[in-house]
Amino acid sequence: MRTPVSIHQKGSSFPVRRMDFDFANINRHFINHDPASSHVWTAFQAYFPEGEQFFVDAVRDAKKWVKDESLLREISAFIGQEAMHGKEHLQANAELKHQGINVNGWDARTRWARKKLNKLLSVKARLAGTAAVEHYTAVIAEHIMKSDEFHNMIVDPTIKNLIYWHAMEESEHRAVAFDTHKAVGGTYAQRVIAMTIVSIGIGPVVLAAMLSCMKQDGQLYNVKSWLKFTNLYFGGPGVFRKLIPDLLKFYKPGFHPMQANMDASMKLWKERLALVE
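Remember, predicted model here, so these are calculated numbers, not experimental data.

Next up on the list: the overall build of the protein chain. Helix and strand counts for the protein chain come out as eleven helices and two strands. Counted from the first residue to the last, the protein chain has its helices and strands arranged as β-β-α-α-α-α-α-α-α-α-α-α-α. What you see for the protein chain is a C-alpha radius of gyration of 18 Å, in line with the 19 Å of a compact globule of 277 residues. Principal axes of the C-alpha set define a box for the protein chain whose edges measure 55 × 40 × 35 Å. In the protein chain, which comprises 277 residues, the share counted as buried stands at 52%. The long-range fraction of contacts in the protein chain, counting pairs at least 24 apart against all pairs at least 6 apart in sequence, stands at 79%. Roughly 12,700 Å² of accessible area belongs to the protein chain as shown, and the carbon and sulfur atoms make up 59% of that amount. In the protein chain, 35 positive and 28 negative side-chain charges are present, and the distance between their average locations comes to 5 Å.

By size, the foremost hydrophobic cluster in this structure holds 63 residues, and its most contacted members are Ile31, Val40, Trp41, Met145, Phe150, Tyr164 and Tyr233. With nine residues, the top contributor of residues to this core is helix α4 (residues 123–145). With 19 residues, the next largest nonpolar core counts Phe14, Val16, Phe54 and Val56 among its residues.

What follows concerns the pattern of salt bridges. This model, assessed by the stated rule, comprises 13 salt bridges. When the shortest N-O distance is used, the salt bridge between Arg174 and Glu142 registers 3.6 Å. One end of the pair, Arg174, is in the loop between α6 (157–172) and α7 (176–183); the other, Glu142, is in helix α4, and 32 residues separate them in sequence. For the pair Arg174 and Glu142, one class covers both residues: buried. Residues joined in a network through salt bridges with shared partners are Glu50, Asp57, Asp107, Arg111 and Arg114.

Looking now at a nonpolar patch on the surface. A grouping of Leu117, Leu120 and Leu121 is seen on the molecular surface, where their side chains present a nonpolar patch of about 270 Å² in accessible area. Mapping Leu121 onto the fold places it in the loop between α3 (104–120) and α4. Judged by relative accessible area, which is 35%, Leu121 ranks as partly exposed.

With 16 residues, α6 ought to run about 22 Å at 1.5 Å a step, and its terminal C-alpha atoms sit 22 Å apart, in line with that. In terms of burial, α6 is a largely internal element, 14 of the 16 residues being buried. The residue sitting at the N-terminus of α6 and contributing the capping side-chain oxygen is Asp156; that oxygen lies 3.0 Å from the backbone nitrogen of Thr158.

This part is about the packing of aromatic side chains. Two aromatic rings are characterised by how far apart their centres lie and by the angle between their planes. Across all of its chains, the model carries 17 aromatic pairs by this definition. With 5.9 Å between their ring centres and 50 degrees between their planes, Trp41 and Phe44 make a pair best called tilted. With Trp41 and Phe44 both in helix α1 (residues 35–62) and three residues apart, the pair spans about one turn of that helix. Their ring planes at 90 degrees and their centres at 5.8 Å tell us that Trp226 and Phe229 sit as a pair that is edge-to-face. Taken together, the residues Trp226 and Phe229, both in helix α9 (residues 223–234) and three residues apart, mark about one turn of the helix. The class of Trp226 is buried, set by a relative accessible area of 18%. One aromatic cluster is present, built from ring pairs that chain together Trp41, Phe44, Phe150, Trp226, Phe229, Tyr233, Phe234 and Phe240. When the ring centre of Trp65 is taken as origin, the NZ or CZ atom of Lys64, which lies over that ring, is 4.3 Å away.

Remark: helix α2 (residues 69–98) packs on α7, axes separated minimally by 10 Å, with the N-to-C direction vectors making an angle of 135 degrees. By the angle between their directions, the pair α2 and α7 is classed as oblique. Here α2 runs over α7; the crossing is left-handed. Taking contact as the criterion, the partners of Leu71, Glu74, Ile75 and Phe78 in α2 are, on α7, Val176, Asp179, Thr180 and Ala183.

One non-glycine residue, Asn32, lies in the positive phi region at around 55 degrees. With respect to the secondary-structure elements, Asn32 resides in the loop between β2 (16–18) and α1. Not every positive phi belongs to a glycine, and His33 is a case in point at roughly 55 degrees. Secondary-structure assignment places His33 in the loop between β2 and α1. You can call His33 exposed: its relative accessible area is 54%.

Here is what the cut-offs are and how they apply
Residues numbered from 1 in each chain as written. Predicted model: local features only at pLDDT ≥ 70, side-chain atom pairs only at ≥ 80, totals over all residues. Heavy atoms only, no water. Helix = DSSP H or I, 4+ residues; strand = E, 2+ residues; numbered from the N terminus. Rg over C-alpha atoms; globule rule 2.2 N^0.38 Å. Buried < 20%, exposed > 50% of the residue type's maximum accessible area, 1.4 Å probe, protein only. Contact = heavy atoms within 4.5 Å. Areas by Shrake-Rupley, 256 points an atom, 1.4 Å probe, with all protein chains shown as cover. Lys, Arg positive; Asp, Glu negative; His and termini not counted. Charge placed at Lys NZ, Arg CZ, Asp CG, Glu CD. Core = buried A, V, L, I, M, F, W, Y, C linked by side-chain atoms within 4.5 Å. Salt bridge = Lys/Arg side-chain N within 4 Å of Asp/Glu carboxyl O. Patch = residues over 30% accessible without salt bridge, like charges linked within 9 Å, V, L, I, M, F, W, Y side chains within 5 Å. Expected span 1.5 Å × (residues − 1). Polar contact = N/O pair within 3.5 Å; in protein donor to acceptor, adjacent residues only side chain to side chain. Phe/Tyr/Trp six-rings, centres within 6.5 Å; stacked < 30°, edge-to-face > 60°. Lys NZ or Arg CZ within 6 Å of the ring centre and 35° of its normal. Axes fitted to C-alpha atoms, helices over the stretch in contact; angles between N-to-C directions. Parallel < 35°, antiparallel > 145°, perpendicular 65-115°, else oblique. Left-handed = near helix turned anticlockwise from the far one by under 90°.

Next comes the structure, spelled out in structure tokens:
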């Protein structure tokens, strides 16, 4: 990774960092050298480029109704960060394809879904969905940034930097879609409905891509690896299980994404990643 270049877009509270990771020869089993524990993240990543474009589409389409100049600046920075995330994850996916794990089909399906949803749903509905998914990514980011145990499980340094750079920026812009939804007249009920739909759908969607990755890797019937995955994310360590209380906070009427205190974690990871402000 070259030294990142950061710019503030028209006075936004967080910068857009221009990253350039070198993904050549990354370890595709980057979590504890274990296939299943790693491919759940590969599956998430399969949806990132087009999924994040969906988020960008939603906030960009809402800009004409936003009157708050400070929020407009945050929206511009949000768009810049998400564009950079898509670029880097596409490059990571290209290296994984070179290693025999091709997620391009899932990227294409997400592109089709993005275009359909952009036509079928109102801006408010798309913003509510974006706010719900952004809550998921922000909560995941919060937990992994505070977990030394998970940090030590990532055995590939490039993927480690990718995950934590992305996590840190998810924490920075975690409130933008939520605030934009409220600014254009979106309601609490819309956000609750969106969160419920996302919560029902996210597991099967990620599992489908994960099964594909495991099959391509020749690990689909690796029972030992599946057991390691189940224990890590839902058993004793409970990486995903421990997210549930914070995910449910989205349903509280007075909830706001910035209620989480991430100051110490943000400072730590800016130093570890040598991020320039």
